[in-house]
Amino acid sequence: MSAIGTFTVRPLDPLRDAELLHRWVTHPKAAFWMMQDAKLQDVEREYMRIAAHEHHHAYLGLHDGEPAFLMEKYDPRYVELVGLYEPRPGDVGMHFLVAPTDRPVHGFTRAVITAVLEELFADPATRRVVVEPDVGNKAVHALNEAVGFVPEREIDKPEKRALLSFCTREQFEAARGVSV
């Protein structure tokens, strides 16, 4: 539990959660999610595709039991970063999206990314988390660095120019002030 509340995740249900996700991914604050013009059916289809994928998983994040964020976990050897960097054993890719709100809570997004990393590092096989946000998403770069990510280099993905960054368990714990 953080000072902000309790965060949990559950597997995303592409059909049951599609309306909620549709509101989130088409919101102006989710521009970097690149689904601004998506129809409800497009969101259902995308998350059905992810649900069927062996190496890509989506989760609905809850804050005190209420939907508050989306988390995706993927194996970069098979999804998103194939051929763009040399994966190491224990690498896990991650995307996250905080739900839009009319009542922002100071520190909430940092609490969410911390909860996401805690969830990923709860698996002892996870040694390093990999992210590839849009180079223009300066807010997420600062947030990533605050929780231990170290930018490596810019890469060209089919849909964007991205900043490839990594966070080891040790870097995450150091950023949180936890002794290793």
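Here the structure is shown first, and the text comes after it.
Residues numbered from 1 in each chain as written. Predicted model: local features only at pLDDT ≥ 70, side-chain atom pairs only at ≥ 80, totals over all residues. Heavy atoms only, no water.

Colleague: How would you sum up the packing of aromatic side chains? Please name residues and give values.
Modeller: Scanning the model with the defined rule gives four aromatic pairs in all. When the ring of Phe7 is compared with that of Phe108, the centres are 5.6 Å apart and the planes differ by 50°; the resulting orientation is tilted. Placement of Phe7 in strand S1 (residues 7-11) and of Phe108 in helix H3 (residues 108-121) is noted, with a sequence separation of 101 residues between them. The class for Phe7 is buried, based on a relative accessible area of 17%. Plain terms: the ring middles of Tyr85 and Phe166 are 5.4 Å apart, the flat faces sit at 50° to each other, and that makes the pair tilted. (Phe/Tyr/Trp six-rings, centres within 6.5 Å; stacked < 30°, edge-to-face > 60°. Helix = DSSP H or I, 4+ residues; strand = E, 2+ residues; numbered from the N terminus. Buried < 20%, exposed > 50% of the residue type's maximum accessible area, 1.4 Å probe, protein only.)

Colleague: Provide a residue-level description of the side chain of Glu132, including the pertinent values.
Modeller: With respect to the secondary-structure elements, Glu132 resides in the loop between strand S5 (128-131) and helix H4 (138-146). When its relative accessible area of 2% is taken as the criterion, Glu132 is described as buried. A polar contact of 2.8 Å, which involves the side chain of Glu132, links it to the side chain of Tyr74. One polar contact links Glu132 to Lys157, side chain to side chain, over a distance of 3.1 Å. With sequence-adjacent residues up to four places away left out, Glu132 is seen in contact with Tyr74, Glu80, Leu81, Met94, His95, Ile155, Lys157, Lys160, Ala162 and Leu163. (Polar contact = N/O pair within 3.5 Å; in protein donor to acceptor, adjacent residues only side chain to side chain. Contact = heavy atoms within 4.5 Å.)

Colleague: Residue-level account of the packing of H3 against helix H5 (residues 169-176), with values.
Modeller: Contact geometry for H3 and H5: axes closest at 11 Å, N-to-C directions at 145°. Regarding H3 and H5, the two cross each other, and that crossing is left-handed. In this structure, H3 uses Arg110, Thr114, Leu117, Glu118 and Phe121 to contact H5, whose residues at the interface are Arg169, Phe172, Ala175 and Arg176. When its residues are assigned to classes, the contact of H3 with H5 shows four nonpolar, one polar and four charged. (Axes fitted to C-alpha atoms, helices over the stretch in contact; angles between N-to-C directions. Left-handed = near helix turned anticlockwise from the far one by under 90°. Nonpolar A, V, L, I, M, F, W, Y, C, P; charged D, E, K, R; others polar.)

Colleague: Which residues make up the sheet that holds S5, and what values do they have?
Modeller: Sheet architecture is open: seven strands sit in the order S1-S2-S3-S4-S5-S7-S6, paired in mixed fashion. The strands lining the two open edges of the sheet, one partner per strand, are S1 and strand S6 (150-156). In this sheet, adjacent strand axes meet at a mean angle of 30° when their direction is disregarded. In the sheet, strand S4 (residues 91-98) pairs with S5 via three bridges, with the strands oriented parallel. If you follow Asp91 over to S5, its bridge partner there is Arg128. Each of strand S2 (56-63), strand S3 (66-74) and S4 is contacted by helix H1 (residues 18-25), which is oriented at about 85° to S3, the strand it contacts most. Sheet contacts for helix H2 (residues 40-52): S2 and S3; angle to S2, the most-contacted strand, approximately 115°. (Pairing = 2+ DSSP bridges.)

Colleague: Can you break down unusual backbone geometry residue by residue, with the values?
Modeller: In this structure, Asp64 is a non-glycine residue whose phi angle is positive, near 50°. If you trace the backbone, Asp64 turns up in the loop between S2 and S3. Using a relative accessible area of 48% as the deciding quantity, one classes Asp64 as partly exposed. Even without being a glycine, Glu80 presents a positive backbone phi close to 70°. You can call Glu80 partly exposed: its relative accessible area is 28%.

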